[in-house]
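Structural characterization, general
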Amino acid sequence: MKMRQSLAELERAFVDEVSLDRHRRDSLKRTTEKRTLKRETEKRNKRGSVRFALLVLTLILTAVIVTVVMFRTLLPAAR
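The following refers to the structure shown. (Residues numbered from 1 in each chain as written. Predicted model: local features only at pLDDT ≥ 70, side-chain atom pairs only at ≥ 80, totals over all residues. Heavy atoms only, no water.)

**Let's talk about the overall build of the protein**
- Within the protein one finds 1 helix and 0 strands.
- Compactness check: the protein gives a C-alpha radius of gyration of 34 Å against a globular reference of 12 Å for 79 residues, more than 25% above the reference.
- Viewed in the frame of its principal axes, the protein has a C-alpha envelope of about 120 × 5 × 5 Å.
- Each charge sign in the protein was given a centre, from 19 positive and 9 negative side chains, and these centres are 17 Å apart. (Helix = DSSP H or I, 4+ residues; strand = E, 2+ residues; numbered from the N terminus. Rg over C-alpha atoms; globule rule 2.2 N^0.38 Å. Lys, Arg positive; Asp, Glu negative; His and termini not counted. Charge placed at Lys NZ, Arg CZ, Asp CG, Glu CD.)

**A word on a nonpolar patch on the surface**
- Residues Phe-52, Leu-55, Val-56, Leu-59, Ile-60, Val-64 and Val-68 make up a contiguous nonpolar surface patch of roughly 640 Å² in combined accessible area.
- Within the secondary structure, Leu-59 sits in helix H1 (residues 2–78). (Patch = residues over 30% accessible without salt bridge, like charges linked within 9 Å, V, L, I, M, F, W, Y side chains within 5 Å. Areas by Shrake-Rupley, 256 points an atom, 1.4 Å probe, with all protein chains shown as cover. Salt bridge = Lys/Arg side-chain N within 4 Å of Asp/Glu carboxyl O.)

Scope: geometric values only; no functional claims are made or implied.
Rendered as structure tokens:
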């Protein structure tokens, strides 16, 4: 009788341990997926910010070049 009770306790402990491991594994998987999604979002936002900065820089540079060329073109005509 003692042997059966001990065996039943071991089986119950094994089932509990398996259940805990499964829960832990699922939790780690969800955490990893969230971290990956967050990293990808941050990377995408950073890329977007760099592209926006390049766009603004290009527009400003274009405006400066057009202004300089315009004044150089008009200056000799004024003399």
